[in-house]
Amino acid sequence: QDMALGQLIKGCKKSAIIIVNKCALANKKQMANGQLKIAKLLPHLTFAPTLFISAKIGKNISQIFTAILKVAKERKKTITQEDLDAFLVKAIAAHEATIYTKRRQKDKKTILITAISQLRYDPPVFLMEKNTKEPLPQGYQGFVENKFREKFGFIGTPIEFRIKAREKQTTI
């Protein structure tokens, strides 16, 4: 049930904050273990911050409103083209995606992200252009999103990456 809710939230491109109540007596180790369990239960919501609260004694209640404001701001964030280009050079160009067209090492193709641009915000949508029509491996897409979040944040907000093959330029 929780996993289905997580899929629905991400599928509808909604921002999220995970709030765990009844944590008045929880220590740091218990909260860390709780965080790991949440990651397993809600793998689609890895972008969502987790708050451990106790409504009964008021522990960390004020963090909820701070988190709401932060997530709302992150959802409307825009990234300059200059920053996106710098990200592309540093993060993505340093790690190529390689696919094997057949089962032999010699038949490999390198997929490079050649351009990235922000199409819109609220929710944020980015277009990545690649050098080939071959599909981008799922694991590489996760790598790109993780690097992207490390650099730009977008806490609590799903990011949509649209991927297309760069059209070949023809000269007349």
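Everything below is about the structure printed above this text.
First, a word on scope: everything that follows refers to the structure included in this document. These figures come from a predicted structure and were not determined experimentally.

Quick look at the overall build of the protein chain
- Of regular secondary structure, the protein chain possesses five helices and seven strands.
- Start at the N end of the protein chain and walk to the C end: the helices and strands fall as α-β-α-β-α-α-β-β-β-β-α-β.
- Relative to its full complement of 172 residues, the protein chain shows a buried share of 33%.
- For the protein chain, the share of sequence-separated contacts (at least 6 apart) that also reach a separation of at least 24 residues comes to 68%.
- Total accessible area computed for the protein chain in this model is approximately 11600 Å², and 55% of it derives from carbon and sulfur atoms.

Remarks on the layout of surface pockets
- Of the volumes computed, that of the largest pocket is approximately 430 Å³.
- Taken together, 17 residues make up the lining of the largest pocket; nearest its centre are Lys-10, Gln-141, Glu-145, Ile-159 and Phe-161.
- Here the lining of the largest pocket gets six residues from one element, more than from any other, and that element is helix 5 (residues 138–152).
- Looking at the lining of the largest pocket residue by residue, the classes come out as six nonpolar, six polar and five charged.
- Approximately 160 Å³ is the volume attributed to the second largest pocket.
- As for the second largest pocket, its lining consists of Asp-2, Leu-5, Gly-6, Ile-9, Ala-16, Ile-17, Ile-18, Ile-38, Leu-41, Leu-42 and Leu-45.

Concerning the packing of aromatic side chains
- Here the structure, examined in full by the defined rule, presents nine aromatic pairs.
- Between Phe-126 and Phe-148, the aromatic rings sit 4.7 Å apart at their centres with planes inclined by 65°, giving edge-to-face as the arrangement. Within this pair, whereas Phe-126 is found in strand 6 (residues 125–130), its partner Phe-148 is found in helix 5, the two being separated by 22 residues in sequence. A single burial state applies to Phe-126 and to Phe-148, both of which are buried.
- Ring geometry for Phe-148 and Phe-161: centres 5.3 Å apart, planes at 90°, overall edge-to-face. On the criterion of sequence distance, the pair formed by Phe-148 in helix 5 and Phe-161 in strand 7 (residues 160–165) is long-range, its members being 13 residues apart. Per residue, the accessibility class of Phe-148 equals that of Phe-161, and both read buried.

With respect to the nonpolar core
- Residues Phe-126 and Phe-148 are the most contacted members of the largest nonpolar core, which totals 19 residues.
- Counting residues per element, the ones that place at least two in this core are helix 4 (81–92), strand 5 (113–120), strand 6 and helix 5.
- For this core, the element with the highest residue contribution is helix 4, accounting for five residues.
- In contact with Phe-126, not counting residues within four places along its chain, are Ile-79, Leu-84, Ser-117, Gln-118, Leu-119, Phe-148, Phe-154, Ile-159, Glu-160, Phe-161 and Arg-162.
- Counting residues in hydrophobic clusters, the runner-up holds nine residues, among them Cys-23, Leu-45, Phe-47 and Phe-52.

Considerations on the pairing of strand 5
- Both strand 5 and strand 6 contribute to a ladder of six bridges, which runs antiparallel. The partner of Ala-115 across the bridge, within strand 6, is Glu-129.

Cut-offs and rules
Residues numbered from 1 in each chain as written. Predicted model: local features only at pLDDT ≥ 70, side-chain atom pairs only at ≥ 80, totals over all residues. Heavy atoms only, no water. Helix = DSSP H or I, 4+ residues; strand = E, 2+ residues; numbered from the N terminus. Buried < 20%, exposed > 50% of the residue type's maximum accessible area, 1.4 Å probe, protein only. Contact = heavy atoms within 4.5 Å. Areas by Shrake-Rupley, 256 points an atom, 1.4 Å probe, with all protein chains shown as cover. 1 Å grid on protein atoms, 1.4 Å probe; cavity = no way out; pocket = protein on both sides within 12 Å on 5 of 7 lines; lining within 4 Å. Points joined across faces, edges and corners; volume = space filled by probe spheres on them. Nonpolar A, V, L, I, M, F, W, Y, C, P; charged D, E, K, R; others polar. Phe/Tyr/Trp six-rings, centres within 6.5 Å; stacked < 30°, edge-to-face > 60°. Core = buried A, V, L, I, M, F, W, Y, C linked by side-chain atoms within 4.5 Å. Pairing = 2+ DSSP bridges.

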